[in-house]
Number of protein chains: 6
Amino acid sequence: MGNRPFNINTFIGCEKSYDESDVVLFGVPFDGTTSFRPGTRFAMQAIRNDSFGLETYSPYLNKDIEDVGIYDGGDLELPFGNTKKVLDEILAYSQEVLRDNKKFLMVGGEHLVSLSTIKAAYEKYPNLHVIHIDAHTDLRDDYLGEKLSHASVIRRSHDFLGDGRIFQFGIRSGMKEEFEWAKEHTYLERFSLDTLQEKIQELTDVPVYITIDLDVLDPGVFPGTGTPEPGGITYRELLEAIKQFQSLNQIVAADIVELSPQYDPSGASTAMACKTVREMLLTLAD
Amino acid sequence: MGNRPFNINTFIGCEKSYDESDVVLFGVPFDGTTSFRPGTRFAMQAIRNDSFGLETYSPYLNKDIEDVGIYDGGDLELPFGNTKKVLDEILAYSQEVLRDNKKFLMVGGEHLVSLSTIKAAYEKYPNLHVIHIDAHTDLRDDYLGEKLSHASVIRRSHDFLGDGRIFQFGIRSGMKEEFEWAKEHTYLERFSLDTLQEKIQELTDVPVYITIDLDVLDPGVFPGTGTPEPGGITYRELLEAIKQFQSLNQIVAADIVELSPQYDPSGASTAMACKTVREMLLTLAD
Amino acid sequence: MGNRPFNINTFIGCEKSYDESDVVLFGVPFDGTTSFRPGTRFAMQAIRNDSFGLETYSPYLNKDIEDVGIYDGGDLELPFGNTKKVLDEILAYSQEVLRDNKKFLMVGGEHLVSLSTIKAAYEKYPNLHVIHIDAHTDLRDDYLGEKLSHASVIRRSHDFLGDGRIFQFGIRSGMKEEFEWAKEHTYLERFSLDTLQEKIQELTDVPVYITIDLDVLDPGVFPGTGTPEPGGITYRELLEAIKQFQSLNQIVAADIVELSPQYDPSGASTAMACKTVREMLLTLAD
Amino acid sequence: MGNRPFNINTFIGCEKSYDESDVVLFGVPFDGTTSFRPGTRFAMQAIRNDSFGLETYSPYLNKDIEDVGIYDGGDLELPFGNTKKVLDEILAYSQEVLRDNKKFLMVGGEHLVSLSTIKAAYEKYPNLHVIHIDAHTDLRDDYLGEKLSHASVIRRSHDFLGDGRIFQFGIRSGMKEEFEWAKEHTYLERFSLDTLQEKIQELTDVPVYITIDLDVLDPGVFPGTGTPEPGGITYRELLEAIKQFQSLNQIVAADIVELSPQYDPSGASTAMACKTVREMLLTLAD
Amino acid sequence: MGNRPFNINTFIGCEKSYDESDVVLFGVPFDGTTSFRPGTRFAMQAIRNDSFGLETYSPYLNKDIEDVGIYDGGDLELPFGNTKKVLDEILAYSQEVLRDNKKFLMVGGEHLVSLSTIKAAYEKYPNLHVIHIDAHTDLRDDYLGEKLSHASVIRRSHDFLGDGRIFQFGIRSGMKEEFEWAKEHTYLERFSLDTLQEKIQELTDVPVYITIDLDVLDPGVFPGTGTPEPGGITYRELLEAIKQFQSLNQIVAADIVELSPQYDPSGASTAMACKTVREMLLTLAD
Amino acid sequence: MGNRPFNINTFIGCEKSYDESDVVLFGVPFDGTTSFRPGTRFAMQAIRNDSFGLETYSPYLNKDIEDVGIYDGGDLELPFGNTKKVLDEILAYSQEVLRDNKKFLMVGGEHLVSLSTIKAAYEKYPNLHVIHIDAHTDLRDDYLGEKLSHASVIRRSHDFLGDGRIFQFGIRSGMKEEFEWAKEHTYLERFSLDTLQEKIQELTDVPVYITIDLDVLDPGVFPGTGTPEPGGITYRELLEAIKQFQSLNQIVAADIVELSPQYDPSGASTAMACKTVREMLLTLAD
């Protein structure tokens, strides 16, 4: 008895070892540049706890977490108040996973943390394309003078990815300048995901990174986020998008960000995050 | 003054006596086999309190609670920690109501309690058919070794009803085995209620029991339940289903289960339960 | 430094002076006749605080709060427990704004406060028509004996407006008598906004007052209100309605009522109110 | 079965009829003049529900609710938005109970409602003395112009009681003028209950009315009230006071006011209110 | 990297292996006989999460968790709805720890679970004495017919311990019969811990089991429990008691029960539980 | 009307201009180095809103806010994620106020922000002594490698103040090393404020800065803070300390930090912060 690990706490069903796994799940509990309401640092822990209300089997994809190789690597331990160092550590971990020829699903934290995971994926796959599902443009060149901000993560990614690589969906908030800038540099669909399927057909055989900011969901159905932006999509629409991802032949990594359990007193938003994690893990684990 | 009953607490408008009534409303405050998050024991009391935010008139059905005969029988007092005895007491009460040639609407409590009310209905109407609206299959043969569990209530009902009698809608969660089993033994529509109307046409003239697990609703709009399962239906879709029930000529009883007011800090889920109770009472009270 | 006003608290971007502005925003923190769950008195303060989670630019209308002239006049200070005096003070303020040839957006408070703002608009524009978006009929002649009640505000407005002037949409709750009365005296669409566009075409060139009771939204997505009435519209449907308002050439004033932040622990309902305020301000500020 | 009253909802153990009882418990769900945070209208219902977490036996007084005659008369149904009429109805009910030679324990609601119950007691017992336990002086002559306000209830009571009849304890908030006024007209102990026992000895054989505003408790231990005033007494000090009341030979009636369950998410304040009700009922029921 | 256990979740500082440790900490997430408000099943997980807000060093005892040998054995996995089997599994685990000559600190769960841990300690130390800190007598012979209930745990323990072995402190709630029964069979101090030190002196050299029901604390300062009983002790009084425990030379095991995080929205009660766990671990780890 | 400032939002009664005032109140909404639970950024706004539940008159000090000269300077607008720049801006503002020969009361934010206000006071008054009321030592040389952390604010202040200038009270949490270090460099009373009066007598005529970390209060009575540390003082003990401050002849500035309204669902902690602000403003305003 003495050595049985009674209290390892993983996402439900993710009980394979690192070596047995093709996909690594890990958390990045960082919300240091959040300007309005912090709290995404608590997301991954809440998701692990509440994942036990979920089945491991997905009737949508007809696959089971227990049948595929997924390792839950826990949360990164991050230095406080040093955004640069935080981003470096996320980058290093992501590079290591990719070097071992595994895919990863990163769970934030605020959206800025995707900058490092996208960069790691880009380094390995220079032809990387990014599918970005979000309420916000995230295209500011800076936010209150800071270049590294949750509000500029896609703009910073464009710095290395360049034009024609970023596909944005569901966007319904930003400054006028951001929408203007997007016209030249990214593909941006406002308000909905109607053109996602069409764009996926263009991306079938290139390496794709998917970044899902959960605030793309309407705050009426998903209140658990720091910057609620009304007018978003329903959870069934997000499930539909994930089903469409199955046509992509080269998803190399993905992330799910911006759950803030502090604003989710009922647990319903956390449940949505849990289910999204399950569906994305099964999507990655081909 | 002395004898005026100032504090009888009924569902709004249900002020008829037992003898004057054709329909009996009663609560079953039991959540003893709930594995994830308990709390449905508080449902009926919350529903009674908040029903006073509702009108007695339904513009959907153009009927008024005050115009029909409904008795609110209060909540059953149940022994603690003895699942078998709890089920026996629910059975006895349900039998008594049916013996008096009344219909009933039972409000849970967790879904397991429907086992006794369905059984009582089946005893009186051996040709009973069951319409089951739920997020979960509830078809496990046992749950952690227990045969009597919220997760096996429909399987246990099949034990006596047999094949061809159970019609499941909105199902989006379960083990793979349960979905497989359903193919042989029940009618099961995944994810939505699209085929409900069609199936109702087959059931027009047989005795029907309707069991509504409120977690069929998307937790984004109905967070107040113990096991939130994202991807569910909207409340307008549930209202639509109730409208379709009007074509059934022999609804003999019904239940509404799994509201957990603990996870409903705003009261919105309780309001949905209240309105569902009103519409189902008016549906039963022909 | 000494004289800089560090803590004026306005709705985001509303930093013009009264004289520079064509539109005046003001709050009416009154919930004195609320029968079920009070709390709308806290709405405007919550909206001001949380408006800073919003952008000033609307991608829906392609306009920016900062580009138009809007003055945030703060909240009226109201005498307690004296409904009549409260209504008088709202009337006086509204008259003053209209006399200065400005439009206003009033934020409640409970719905009764619209009686004074509608009256002020009617006095200036005798041909006034009212678009009323709500879950409830609000057509009672009295409520528990009181003529001045949140439940009778539209009926009281009819007292001076007369037949043919009131257009109600989204209505799904009321006494049978109210629905009957409406058949003779108002235009009333039940459950949805499907005929709004058609009616707007009839009202293109007459003076229009728009009163939005936010409980028209489904409480599943908008729980932050005192009398949640399930079966309502989504936030995207409300946004669509506001887009349709752009065809109206003579909107003279408007209001948004019945947010109750007490029942909005996540802030999502307040975010919806904020966005509705922004869209309506931009609608008024032509 | 049909006629069994399954859902009468009384305070625990208060199951005697009016005629069998010496003490009447009743609720007054009114918070109409509350200026800061409303919600005391929900107090009595919460107290009834949560009283079932309590034993009927008091080890402090060595008495049991079930052994004495107490009738729970429910809540008064009150007209909305008409303070004067509300006070008249409370007065009428209180007079009726006293006329039948019973005592009562009234549970508010805001403190203003005590004006009517004190008046009824004074009419029957012209030599009435009042023990007032509170955080606030409640001695304003008016509040924002209103003579009938929660902040002036003791001043209004002084209008008929006159000097030398009012004994205030625990007071730690008020305008300077109120503290000055008290020097001439009432006995007022600031901050604590240290002199309560001494004063009780002076009041042993005169008719005494006890009014307990629960906000006398420190909001740290009793947050469930509309106007939290830090620096108050502990619950054990309140229990001690109740024990001292046992020396009074002529307590004719009492009240407990200002619980606001809205601000009591844990239920701890409601539990304190429940226990205070039990102890005061047993104190009255000699 | 691959094999680093990133997400083992222990109480802060408890990172020794079983073999290195003298004290075993484990959780029992069971609340199956809770009659009023369930939720203690969530206690140990909340305690582990929030223990990271605590230091490992105690300035009260001048000891540090990291300097002593403590193993966090996780939570027992328990069968649902089968009280008897649950108690058997707790017994088996406790016996195993004691057989390995270790002490344990068990964290509940509801108080009934102490029955098995006390029994295990009694089997190994037949001269066992029990110090019982609680708001409630827990001396019922049965509760609604059930012999195995949270309300009878001390009575059931008396079945095998016999007279003169149980010392109860802080008791302020129970049926009259329980207080009477205690006079013959246990030592029971009502309301406070004043005689604890004196009794500890009698118990210096006998084997002692300490069971702390956290509801002994006043619910004003510790709301996070299912059955709040006002009039309890302060947290400083509980700390003082733990300091007094240092005089006991043979504490063989202990438990801390009845934290219910559901009723602790601020986390303050969980923080108290965490600190109590730390102090008791250091007390056991001599 | 147009120019009336309807919505300036100050602490109650603080309506003097900067020039008329001797004391400046300002807020510092920064929680960037908070490691456990962020949220103090919301403190000052909550305090302003809820101060309207308070009287302007203090019966403890027999003074009234309206009779003295206090200017509410609002909140500093701070750059995000740049701790160094944040501290610089606080320093600059504090220096400006002191240069104008005014005192200030700063309200945090997390405790680190006191570093700048203490430094500004020290620059003007090189003989500055600091009274530090807190649960935590705050004497770490660094926290996870960061020199500028909430956990090292007093240590950093010692860097310039040196030995013999810092007086710490109520301390009950820290690493063993911090308690050891304090023995050489500060005066530190553990657990209580018992020696405060004695030390105040030593400091009667030197310049004194008072920094109050509200987590010195027991989290049972003051849950609204990020790092709750059980075993603290009561609010009456804090009031008593403030009364003792009246003997100090040279209080030059003060601060109140670490209220986190996120963990204060009832508002009771915010009420305590409000009252502490009032008492400290009156203490400063001689």
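Residues numbered from 1 in each chain as written. Chains lettered and ligands numbered in written order. Predicted model: local features only at pLDDT ≥ 70, side-chain atom pairs only at ≥ 80, totals over all residues. Heavy atoms only, no water.

In the annotation of an unreviewed UniProt entry, the entry for chain A reads Agmatinase, and the organism field reads Ornithinibacillus xuwenensis. One UniProt comment on chain A, placed under Sequence similarities (unreviewed entry), says "Belongs to the arginase family. Agmatinase subfamily." (UniProt positions renumbered as here; feature names shortened; annotations may be inferred.)

## Side note on the overall build of chain A
In terms of helices and strands, chain A carries eight helices and 10 strands. Computed over the C-alpha atoms, the radius of gyration of chain A is 17 Å, within 12% of the 19 Å expected from 2.2 N^0.38 for a compact globule of 286 residues. By principal-axis analysis of the C-alpha atoms, chain A measures approximately 60 × 40 × 35 Å. Split into buried and exposed, the 286 residues of chain A put 71% on the buried side. (Helix = DSSP H or I, 4+ residues; strand = E, 2+ residues; numbered from the N terminus. Rg over C-alpha atoms; globule rule 2.2 N^0.38 Å. Buried < 20%, exposed > 50% of the residue type's maximum accessible area, 1.4 Å probe, protein only.)

## As for the packing of helix H2 (residues 83-99) of chain E against helix H3 (residues 114-124) of chain E
Residue and element names in this part refer to chain E. In contact at an axis separation of 8 Å, H2 and H3 are set at 40° when each is read in the N-to-C sense. It follows that H2 is oblique to H3 by the angle criterion. In terms of crossing hand, the pair formed by H2 and H3 is right-handed. Contact with H2, carried on its side by Leu87, Ile90, Leu91, Ser94, Gln95, Leu98 and Arg99, involves Leu115, Ser116, Thr117, Lys119, Ala120, Ala121, Glu123 and Lys124 of H3 and no other residues of that element. Looking at side-chain class alone, the contact of H2 with H3 contains seven nonpolar, four polar and four charged residues. (Axes fitted to C-alpha atoms, helices over the stretch in contact; angles between N-to-C directions. Parallel < 35°, antiparallel > 145°, perpendicular 65-115°, else oblique. Left-handed = near helix turned anticlockwise from the far one by under 90°. Contact = heavy atoms within 4.5 Å. Nonpolar A, V, L, I, M, F, W, Y, C, P; charged D, E, K, R; others polar.)

## Comments concerning the sheet that holds strand S10 (residues 251-257) of chain D
All names here are of chain D. Taken in spatial order, the eight strands line up as S4-S1-S5-S10-S9-S6-S7-S8 in an open sheet, and their pairing is parallel. Because the sheet does not close on itself, it has two edges, and the strands there are strand S4 (70-75) and strand S8 (187-190). Ignoring strand direction, the axes of neighbouring strands in this sheet form an average angle of 15°. Pairing between strand S6 (residues 129-133) and strand S9 (residues 208-213): five bridges, direction parallel. Looking at S9, one finds that Val130 is bridged to Tyr209. The strands that helix H1 (residues 43-50) touches are strand S1 (23-28), S4 and strand S5 (103-108); relative to S4, the one it contacts most, it runs at about 135°. (Pairing = 2+ DSSP bridges.)

## Here we look at the relation of the copies chain A and chain B
Note on the copies: chain A fits chain B at an RMSD of 0.0 Å, the axial shift is 0.0 Å, and the rotation between them is 120°. Both copies are brought into coincidence by an operation consistent with a three-fold rotation axis. In terms of proximity to the rotation axis, the leading residue of chain A is A:Val221, whose C-alpha is 3.2 Å off the axis. A different interface surface on each copy is seen, since only 14% of the contact residues of chain A are contact residues in chain B too. (Least-squares fit on C-alpha atoms with pLDDT ≥ 70 in both.)

## Notes on the pattern of salt bridges
Taken as a whole and assessed by the stated rule, the structure comprises 85 salt bridges over all chains. Residue D:Arg140 is joined to D:Glu178 by a salt bridge in which the shortest nitrogen-to-oxygen separation is 3.6 Å. One end of the pair, D:Arg140, is in the loop between S6 and helix H4 (153-161); the other, D:Glu178, is in helix H5 (residues 176-185), with 38 residues separating them in the sequence. Across this residue pair, the class does not change: D:Arg140 and D:Glu178 are buried. In this structure, the salt-bridge partner of E:Asp141 is E:Arg156, at a minimum N-O distance of 2.7 Å. With a gap of 15 residues between them, E:Asp141 in the loop between strand S6 (129-133) and helix H4 (153-161) and E:Arg156 in helix H4 connect regions that are remote in the sequence. (Salt bridge = Lys/Arg side-chain N within 4 Å of Asp/Glu carboxyl O.)

## Focus on unusual backbone geometry
That bond from D:Gly108 to D:Gly109 is cis: its omega, 5°, falls within 30 degrees of zero. Mapped onto the elements of the fold, D:Gly109 is located in the loop between S5 and helix H3 (114-124). Even without glycine at this site, B:Glu258 takes up a positive phi of about 80°. The topology assignment puts B:Glu258 in the loop between strand S10 (251-257) and helix H8 (268-284). The phi dihedral of E:Asp138 falls on the positive side, at around 55°, and the residue is not glycine. Tracing the backbone through its elements, the reader meets E:Asp138 in the loop between S6 and H4. In this structure E:Asp138 comes out as buried when scored by relative accessible area, which is 7%.

## Details of the confidence of the model for chain A
All names here are of chain A. Mean pLDDT over chain A works out to 94, with 97% of the residues at or above the 70 mark. For residues 1-6, every residue scores under 50 in pLDDT, and the model assigns this stretch 16 contacts once sequence neighbours within four places are set aside. Under the prediction, the complex receives an ipTM of 0.94, its pTM being 0.94. (pLDDT = per-residue confidence, 0-100.)

## Some thoughts on the pairing of strand S8 (residues 187-190) of chain F
Residues and elements named next belong to chain F. Sheet topology note: the strand S7 (residues 166-171)/S8 ladder contains three bridges and is parallel. Opposite Phe167, over in S8, you have Tyr187 as the bridge partner. Handedness of the crossover is the feature at issue here: the chain leaves S7, passes through helix H5 (residues 176-185), returns alongside S8, and the resulting connection is right-handed. (Right-handed = clockwise from strand over helix to strand, strands pointing away.)

## Points about the sheet that holds strand S9 (residues 208-213) of chain C
The pairing of strands in a sheet happens through backbone hydrogen bonds and is either parallel or antiparallel. Residue and element names in this part refer to chain C. Taken in spatial order, the eight strands make up an open sheet running S4-S1-S5-S10-S9-S6-S7-S8, and their pairing is parallel. Each of the sheet's edge strands pairs with one partner strand only, and the pair in question is strand S4 (70-75) and strand S8 (187-190). Each adjacent strand pair in this sheet contributes to an overall mean axis angle of 15°, direction not counted. Summarising the sheet, strand S1 (residues 23-28) and strand S5 (residues 103-108) pair through six bridges and their orientation is parallel. Considered in S5, the bridge of Val24 is made with Phe104. Packing against the sheet, helix H1 (residues 43-50) makes contact with S1, S4 and S5, and its axis sits at approximately 135° to S4. On the sheet, helix H4 (residues 153-161) packs against strand S6 (129-133) and strand S7 (166-171) and is oriented at approximately 165° with respect to S7.

## Focus on the packing of helix H7 (residues 235-245) of chain E against helix H8 (residues 268-284) of chain E
Residues and elements named next belong to chain E. One way to put it is that H7 packs onto H8 with a least axis distance of 10 Å and a crossing angle of 10°. In terms of orientation, H7 and H8 fall into the roughly parallel class. For the pair H7 and H8, contact is made by Tyr235, Leu238, Leu239, Ile242 and Phe245 and by Met272, Lys275, Thr276, Glu279, Met280 and Thr283, respectively.

## Examining the arrangement of the chains
In this structure chain A stays clear of chain D, and the shortest span between their C-alpha atoms is 12 Å. Between chain B and chain F there is no contact, and the shortest C-alpha to C-alpha separation is 12 Å.

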